[in-house]
Amino acid sequence: AEIIFNNCKIPFMVGAWERYLKSTFVVLLKCSCNREKVFKKLLTKIKILPDYLESVSRDREAVEWLLADWLSFQRPKSIIENYQIIDSKLDINAVFAKKSDAQQESLFEKIDHIIDIRNNIAHAATIDTSMTNENFREYEKAFEEAADSIYKHLGNYYKIELSEDY
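Residues numbered from 1 in each chain as written. Predicted model: local features only at pLDDT ≥ 70, side-chain atom pairs only at ≥ 80, totals over all residues. Heavy atoms only, no water.

Q: Is there a simple way to explain the overall build of the protein in this structure?
A: Summing up its helical and strand segments, the protein has eight helices and zero strands in all. Its helices and strands in sequence order give the protein the pattern α-α-α-α-α-α-α-α, from N to C terminus. Oriented by its inertia axes, the alpha-carbon framework of the protein measures out at about 50 × 35 × 30 Å. Counting over 166 residues, the protein shows a buried share of 39%. Restricting to contacts in the protein with at least 6 residues of sequence separation, those with at least 24 account for 71%. Within the structure as shown, the protein displays about 9,900 Å² of accessible surface, and the carbon and sulfur contribution to it stands at 53%. (Helix = DSSP H or I, 4+ residues; strand = E, 2+ residues; numbered from the N terminus. Buried < 20%, exposed > 50% of the residue type's maximum accessible area, 1.4 Å probe, protein only. Contact = heavy atoms within 4.5 Å. Areas by Shrake-Rupley, 256 points an atom, 1.4 Å probe, with all protein chains shown as cover.)

Q: Looking at this model, I keep getting lost on the environment of Ile-79. Mind explaining?
A: If you trace the backbone, Ile-79 turns up in helix H5 (residues 76–86). Sequence separation of Ile-79 and Phe-12 is 67 residues, and the distance between their C-alpha atoms is 18 Å. Aside from chain neighbours lying at most four places away, what touches Ile-79 is Trp-17, Leu-21, Ser-72, Phe-73, Gln-74, Ile-92 and Phe-96.

Q: Is there a simple way to explain the side chain of Asp-128 in this structure?
A: Its location among the elements puts Asp-128 in the loop between helix H7 (107–124) and helix H8 (133–157). Buried and without a salt bridge, Asp-128 has Lys-110 as its closest oppositely charged side chain, separated by 12 Å. Of note is the side chain of Asp-128, whose polar atom sits 2.6 Å from the side chain of Ser-130. Residue contacts for Asp-128: discarding those within four places in its chain leaves Ile-3, Asn-7 and Ile-117. (Lys, Arg positive; Asp, Glu negative; His and termini not counted. Salt bridge = Lys/Arg side-chain N within 4 Å of Asp/Glu carboxyl O. Polar contact = N/O pair within 3.5 Å; in protein donor to acceptor, adjacent residues only side chain to side chain.)

Q: Looking at this model, I keep getting lost on the packing of aromatic side chains. Mind explaining?
A: Geometry of an aromatic ring pair is reported as the spacing of the ring centres plus the angle between the planes. Inspection of the entire model under this criterion finds seven aromatic pairs. One aromatic cluster is present, built from ring pairs that chain together Trp-17, Phe-96, Phe-108 and Phe-143. Positioned over the ring face of Phe-136 is Lys-9, at 4.2 Å from the centre of the ring. (Phe/Tyr/Trp six-rings, centres within 6.5 Å; stacked < 30°, edge-to-face > 60°. Lys NZ or Arg CZ within 6 Å of the ring centre and 35° of its normal.)

Q: Could you clarify how one ought to interpret the nonpolar core in this entry?
A: Inside soluble globular proteins, nonpolar side chains tend to come together where they are buried. Ranked by internal contacts, the top residues of the largest apolar core, which has 43 residues, are Ile-10, Trp-17, Phe-25, Tyr-83, Phe-96, Ile-114 and Phe-143. Taken together, the elements giving at least two residues each to this core come down to helix H1 (2–31), helix H2 (35–45), helix H4 (63–68), H5, helix H6 (93–97), H7 and H8. (Core = buried A, V, L, I, M, F, W, Y, C linked by side-chain atoms within 4.5 Å.)

Q: Help me out: how do you make sense of the confidence of the model for the protein in this one?
A: Any segment with low pLDDT has predicted coordinates that should not be analysed in fine detail. The pLDDT averaged across the protein works out to 89; a share of 96% of its residues lies at or above 70. The least confident element of the protein, judged by mean pLDDT, is helix H3 (residues 50–57) at 74; the most confident is H1 at 96. (pLDDT = per-residue confidence, 0-100.)

Q: Could you clarify how one ought to interpret the pattern of salt bridges in this entry?
A: Opposite charge on two side chains makes pairing possible when the charged atoms of those side chains draw close. Inspection of the entire model under this criterion finds seven salt bridges. Lys-40 is paired through a salt bridge with Glu-36; the nearest N and O atoms lie 3.4 Å apart. With Lys-40 and Glu-36 both in helix H2 and four residues apart, this pair spans about one turn of that helix. Comparing Lys-40 with Glu-36 shows no difference in burial state: the two are exposed. A salt bridge links Asp-112 to Arg-75; the shortest N-O distance between them is 3.1 Å. Of the two residues, Asp-112 is situated in helix H7 and Arg-75 in the loop between H4 and H5; the sequence distance between them amounts to 37 residues. Taking relative accessible area as the criterion, Arg-75 reaches 25% and is therefore assigned partly exposed.

Shown next as structure tokens:
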């Protein structure tokens, strides 16, 4: 039961991870001095459906969310590329290159591995038989460490005083 339950939690954990990064992207885009340039760049990469345009025109959806919905925020490589669309000097790769605790894997590698597990669960209906409570907590810790590191990195980069009460 433990292994099945932990496998079921992986897609939700990845979903929370993706939502956090997408929300952060939207905030950065809304505050960007390069909004027009970013909009042009994103509009050449994506196909906007009429439903989305209708949503924006009725003020139900901010244009930044519409654009962010077309980008992937799961894998570190995509996250790094997406954030650099807003600011080419914003390098969050250093956050992902960091080794998690005394582990051999970087956060980049560990999160990529977790995304692979999630994709196998969601798309191939497979179960990771090694997903014990201990392993799940290790994956959870990797996401938490990466999210905290990104938060601190963005705070330092944009010279924002951060709250530790998040």
